[in-house]
Every structure is written in structure tokens, then in C-alpha cells.
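Read off the chains here:
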Amino acid sequence: MQARLPIHPSTRYPFDLARVLDGSQDFRWRKLEQGWYSGVLDRNIVHVRQDHDDLEYRAHTDLDSLLISYFRLHEDIDAIYATLSSRDPDMAALARDHPYLRVLRQPDPWECTVAYICSANNNVKGIGRILEDIAEEMGKPVQLGQDIRYTFPSPEQVLEAGPTPLRTMRLGLERHSHILHAARQVWRGELDLSRLSLSETPYPEARQRLMQLRGVGPKIADCIALFSLDKPEAFPIDTHIRKALISRYFPPGARLSDKQLGEFARVRYGKYAGWAGQLLFQSRWSAAS
């Protein structure tokens, strides 16, 4: 089937599919011809492209709700940036410089968890390659036209395959062990990602629980919380963010821990601290590119 979804209009912050998918958040999108992109969301293969103020998609079933949630098509982006700008005038300028930024709401926290476990000392291309290798080895094929992709394996599928496939992929940094440990935690019910994604579960609790996984420190936990657990106050700190915060708000040579910087950001930016962090990331990443 082929369908169209209206994009919530904003003259200040227009939606730009190519820039949204190139935002270093979700790693399995592939560019096709004629403006189409191929992805696998929640075990569904889907092709999407933008046509002015509409998002056009092809899939085997109705994915309206999934795509509206994933791309936040019905959210008032103006209100989000207005809230940030009211707390910090710097955010208004950054939003003008990067008006296309969106924080995606990824539908599968398990895949997101594995992705960011694999993000340590890695780049966007490397993370995507690992995820594709895992999907092709342990997932199920899904096809749309001539495009063949693979679903991301569930924790059960990873455990059924055993340690050998992950080990032979030579993922480095004990990633295979970390992924297996996370899969066991989810399969046993010791890590309930669905519960962590509920609005009733506070961000500090979700973050602390994620950090009990092997290979998951504060930054990775914050990435998972922000991009797939709907915790907009999560504030991942990497080198780009650290430099941006210190250069903007602290005297030269200031030495602060990531914990101190995270607490500062959540106080300064409020409930949309994660969006502010992504604007800061884009400002530093664009300057370095």
C-alpha cells in the first residue's frame, strides 16, 4: 500500500526528511532513488519520502500511527522551541541555525539499546554496519518491491542463536558479551523496557536501570532514554556537548564532570534538555564537518 501523512506545518522549523534521517540518531536508513528512503521500523519494512508538507510512504500495512509517532508529525515543534528559548536565549539562535532538528521517537527500545551499546568508540557508519550484520544473521527477511531488508532480532532470537554468531562478527570491545547480557536481562523480565518507556516511570529511574547493563554508562543510558524511552530531559554528553556547554556557560579552563554538566543542563533547559543537547551537538558537529 501507499499512503500520505500531513506534516504539522511550521514556518520557523520546517520538516526536512533528509536532514532528520541524517541526524545520527537511528542508523538503519538507506537512501533509494527518487527521494525514497528504506527503513525497518518495529519489524516493518517501509519506504518514505517527503513531498512538500506531506510524508509519503510505502509498506505492507497501515503504518500511520507508527510514522506519526516516530517522526513526531503531530507535535507542536514551535512550542518545544519556544519553551527552550524562553529558558535560554542561546537556544533561539541555535534553533534558527538548525531548524530541521527533530528528536526521533524510536519504536523498539531493544534495538536502540543494542545500537548504543555498539556506539562506544564507533562512528555512525560503523554502528549501522554492526546493526545490519546482526539483523541479517539473526533477523527475518522482509521485502518491499526489489528491496530486501531484515528485521532486528528480538532478545529471544539473539539468545536462541547463542554466542557464536555475535562472537564471529568480531564486534570488538566485548560488545557481543554486552548484547547477550542485555538480551538475558530483557528475556528474564529483569529489564522491562516497555515499563521504562511509560510516562509514569521517571527519567532518573529509567537511566539508573539502564546503567545496570554491561557496557552502558551515563551517556549511552541517556541516548537510549532520549531516543526510545520518551524521556526528553535525558541529556547525553559526548565531546561535542561537553565543549559546547563549557565554552558557552563557563570560564576558560573550567573543569566539570559530566554529572555536573548534566545536572546544569537539566536545570537550565528544563523538560526539553535533550532537545537542547541535540541542538548543541548539531552546532559543534556542523562546525567540525
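Figured I'd write up the structure that's included with this text. Keep in mind that what you see is a predicted model, and the values were worked out from it rather than measured.

### What about the packing of aromatic side chains?
Right, on to step 1. Under the definition given, this model contains twelve aromatic pairs.
Right, on to step 2. When the centroid spacing of 4.5 Å and the interplanar angle of 50 degrees are considered together, the rings of Tyr 13 and Tyr 81 count as tilted. Remark: Tyr 81 occurs in helix 3 (residues 77–87) and Tyr 13 occurs in the loop between strand 1 (2–6) and helix 1 (17–21); sequence separation between them is 68 residues.
Right, on to step 3. Ring geometry for Tyr 81 versus Trp 275: centroids 6.0 Å apart, planes at 80 degrees, classification edge-to-face. Here the residue Tyr 81 occupies a position in helix 3, and Trp 275 occupies one in helix 15 (residues 273–288), the gap between them amounting to 194 residues.
Right, on to step 4. When its relative accessible area of 2% is taken as the criterion, Trp 275 is described as buried.
Right, on to step 5. The ring of Trp 36 carries the charged tip of Arg 58 above its face, separated from the ring centre by 3.9 Å.

### Side note on the packing of helix 5 (residues 109–117) against helix 12 (residues 218–228)
Right, on to step 1. Interhelical geometry of helix 5 versus helix 12 gives an angle of 150 degrees and a closest axis separation of 9 Å. Here helix 5 lies roughly antiparallel to helix 12, going by the angle between them. Here helix 5 runs over helix 12; the crossing is right-handed. Here Pro 109, Cys 112, Thr 113, Tyr 116 and Ile 117 of helix 5 come into contact with helix 12, specifically with Ile 220, Cys 223, Ile 224, Phe 227 and Ser 228.
Right, on to step 2. Across the contact of helix 5 with helix 12, the residue classes tally to eight nonpolar, two polar and no charged.

Each value, and the rule that gives it
Residues numbered from 1 in each chain as written. Predicted model: local features only at pLDDT ≥ 70, side-chain atom pairs only at ≥ 80, totals over all residues. Heavy atoms only, no water. Phe/Tyr/Trp six-rings, centres within 6.5 Å; stacked < 30°, edge-to-face > 60°. Helix = DSSP H or I, 4+ residues; strand = E, 2+ residues; numbered from the N terminus. Buried < 20%, exposed > 50% of the residue type's maximum accessible area, 1.4 Å probe, protein only. Lys NZ or Arg CZ within 6 Å of the ring centre and 35° of its normal. Axes fitted to C-alpha atoms, helices over the stretch in contact; angles between N-to-C directions. Parallel < 35°, antiparallel > 145°, perpendicular 65-115°, else oblique. Left-handed = near helix turned anticlockwise from the far one by under 90°. Contact = heavy atoms within 4.5 Å. Nonpolar A, V, L, I, M, F, W, Y, C, P; charged D, E, K, R; others polar.

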